[in-house]
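Report on the structure
Below are the chains, spelled out letter by letter.
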Amino acid sequence: MSFSQKILNWYSENKRSLPWRSTRDPYKIWLSEIILQQTRVVQGEPYYLKFIENFPNVQDLANASEERVLKLWQGLGYYSRARNLHATAKIVVNEYDGRFPNSYNELLKLKGVGDYTASAIASICFDEPQPVVDGNVYRVLARHFGVAIPINSTKGIKYFKRLATEVMGRKNIRDYNQGIMEFGAIQCAPKKPYCLLCPLNESCVALEKNLVQTLPIKENKTKVRKRNFNYLVWLDPNNKTILNQRRGKGIWQNLWEFPLLESENQLNEKEVRKELKEMVSGDDSFRLLSYNESLIVHKLSHQHLYTRFWIIESNVELENGISLEDLDSYPVPVLISDFIKAFKNSYF
DNA sequence: AACTCGGGGAA
DNA sequence: TTCCCAGAGTT
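These numbers were taken from a predicted model, which means no experiment stands behind them.

Quick look at the nonpolar core now. Ranked by internal contacts, the top residues of the largest apolar core, which has 97 residues, are Trp30 and Phe258. Inspection of this core shows a minimum of three residues originating in each of domain 1 (3-208) and domain 2 (225-346). Not counting residues up to four positions away in its chain, the partners in contact with Phe258 are Tyr231, Leu232, Val233, Thr241, Ile242, Leu243, Phe309, Leu327, Ile336, Phe339 and Ile340. Counting 10 residues, the second largest nonpolar core, distinct from the first, contains Leu232, Trp234, Leu276 and Ile312.

What follows is the structure, encoded as structure tokens:
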């Protein structure tokens, strides 16, 4: 029996029941694929359900505000996915008459749709024989065929795409693609796969050579940048506060946060007070207190944010202050939403 | 080719 | 802690 046939057989017996498995609607498949980029199924599934409920079709998504899209995306990370999702919805509505392109090559032109996602949509919705190559597929192929080329090298990316094309089998590409990913996620898991019961164990090169724990090979370790954040949580006599929207490049683009003082070294109370006096032009009729005793370390994959929240009780009314109830309507990073939640429970 | 972009779950 | 997740865009 061929490699692809064994995958198909395994899939038919072991596939999870997932909400996007029962449709060929390109909108829904596209949405699910964007959500699942670098994201576990269990984490993405509730977001998929929320998005379908709020935006049943691409027109609804295109007509929404970016604020609303980002708010629904809040907590999922990689927020450029949400911005590109929204932008692509508008393009599909305005330039494609509301219909998604139906081929790999055309899908590839959409924002946020790369090789993997174009292959996924083309195969699942339109039966086009394009193999998906995601993290699961890299692992399955590297192990089963004993490939030691780094999966994140230019050479590796080309090699595995070619290998995936050779072994895919073209008759049921829709189930095969989902099957090999599911197989990688459940059977050929990253750590401690249970090879004894694997339907492909007789032909697995990594198992034969005792390389299951070694493959796939990945090079480059991301170095972590350390940053010091001081968030200024204003509270005026009406308990209103201030949020700013992050613009430009960097993390959390277009999300909201409290006014931020970023510094080379962590600031103490005296230094924060000095900065504040300049901001309010000499007026020092405010109370300043540190909310968190020890620093909060918010860890992103390539940045560690050493964070302190400062509460500033001011006697001056803020002009465009935001009430604490309204804070929840803004899309904010998890670091901020965690604080808001704790703050509301503890401070009043 | 290397870097940037989140957050969370599992071992 | 470390690894990695149905990757893509930018430099």
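Read on for the rest.
Let us now look at the domain arrangement of chain A. You can read the domains of chain A as domain 1 (3-208) and domain 2 (225-346). One C-alpha centre belongs to domain 1, the other to domain 2, and the line joining them spans 38 Å. Every contact between the two is made by nine residues of domain 1 and, on the other side, 14 residues of domain 2. Carbon and sulfur atoms make up 50% of the surface buried where domain 1 meets domain 2, a total of about 900 Å² over both sides. At the surface where domain 1 touches domain 2, the tally comes to seven residue pairs in polar contact (both at pLDDT 80 or more).

Our next topic: the protein's contact with DNA strand C. Surveying the vicinity of DNA strand C reveals 27 residues, the closest of which are Arg21, Gln38, Gly112, Thr117 and Arg139. Here the atoms of DNA strand C within 4 Å of the protein split so that 64% fall in sugar or phosphate, with bases taking the remainder. Gly112 is positioned such that a nitrogen or oxygen atom in its backbone is 2.4 Å from a phosphate oxygen of DNA strand C. Elements with a minimum of two residues in the surface near DNA strand C: α2 (26-36), α8 (115-126), α9 (135-144) and α11 (173-186).

Before going further, it helps to examine the packing of α9 against α11. For the pair α9 and α11, interaxial distance at closest approach is 8 Å and the crossing angle is 80°. One element, α9, and the other, α11, form an angle in the roughly perpendicular class. Facing Asn136, Val137, Arg139, Val140 and Leu141 of α9, the residues of α11 in contact are Ile180, Met181, Phe183, Gly184 and Ala185. Among the residues making up the contact of α9 with α11, the classes are represented as seven nonpolar, two polar and one charged.

Once that is clear, we can look at a nonpolar patch on the surface. A cluster of nonpolar side chains, namely Tyr194, Leu196 and Leu197, defines an oily patch on the protein surface of about 390 Å² accessible area. Examined against the element boundaries, Leu197 turns out to sit in the loop between α11 and α12 (205-208). With relative accessibility at 63%, the residue Leu197 sits in the exposed group.

Looking now at the environment of Ile91. For Ile91, the position within the fold is in helix α6 (residues 80-95). Looking at Ile91, the relative accessible area reads 27%, which means it is partly exposed.

Within the secondary structure, Gln74 sits in the loop between α5 (66-73) and α6. Contacts of Gln74, omitting those with residues within four sequence positions, involve Tyr47, Tyr79, Tyr330, Pro331, Val332 and Ser337.

Near DNA strand B, the surroundings consist of 22 residues, among which Thr154, Gly250, Ile251, Trp252 and His298 are the closest. At the protein interface, 61% of the atoms of DNA strand B within 4 Å belong to sugar or phosphate. Leu76 is positioned such that a nitrogen or oxygen atom in its backbone is 3.2 Å from a base nitrogen of DNA strand B. One nitrogen or oxygen atom from the main chain of Trp252 is found 2.7 Å from a phosphate oxygen belonging to DNA strand B. Among the residues making up the surface near DNA strand B, the classes are represented as eight nonpolar, 11 polar and three charged.

Glancing now at the UniProt feature "domain: HhH-GPD" (unreviewed entry) in chain A. Residues given the UniProt feature "domain: HhH-GPD" (unreviewed entry) here are residues 35-186. Helix makes up 66% of residues 35-186 and strand 0%, and the two end C-alpha atoms of the span are 19 Å apart.

Here Leu260 shows up in strand β5 (residues 260-263). Once the C-alpha coordinates of Leu260 and Ala87 are considered, the two residues, 173 residues apart in sequence, prove to be 28 Å apart. With residues near it in sequence (within four places) discarded, Leu260 still touches Phe229, Asn230, Tyr231 and Arg246.

About the criteria used
Residues numbered from 1 in each chain as written. Chains lettered and ligands numbered in written order. Predicted model: local features only at pLDDT ≥ 70, side-chain atom pairs only at ≥ 80, totals over all residues. Heavy atoms only, no water. Core = buried A, V, L, I, M, F, W, Y, C linked by side-chain atoms within 4.5 Å. Buried < 20%, exposed > 50% of the residue type's maximum accessible area, 1.4 Å probe, protein only. Domains from an automatic or database assignment. Contact = heavy atoms within 4.5 Å. Buried area = accessible area lost by both parts, 1.4 Å probe. Polar contact = N/O pair within 3.5 Å; in protein donor to acceptor, adjacent residues only side chain to side chain. Near = heavy atom within 4 Å. Helix = DSSP H or I, 4+ residues; strand = E, 2+ residues; numbered from the N terminus. Axes fitted to C-alpha atoms, helices over the stretch in contact; angles between N-to-C directions. Parallel < 35°, antiparallel > 145°, perpendicular 65-115°, else oblique. Nonpolar A, V, L, I, M, F, W, Y, C, P; charged D, E, K, R; others polar. Patch = residues over 30% accessible without salt bridge, like charges linked within 9 Å, V, L, I, M, F, W, Y side chains within 5 Å. Areas by Shrake-Rupley, 256 points an atom, 1.4 Å probe, with all protein chains shown as cover. Salt bridge = Lys/Arg side-chain N within 4 Å of Asp/Glu carboxyl O. UniProt positions renumbered as here; feature names shortened; annotations may be inferred.

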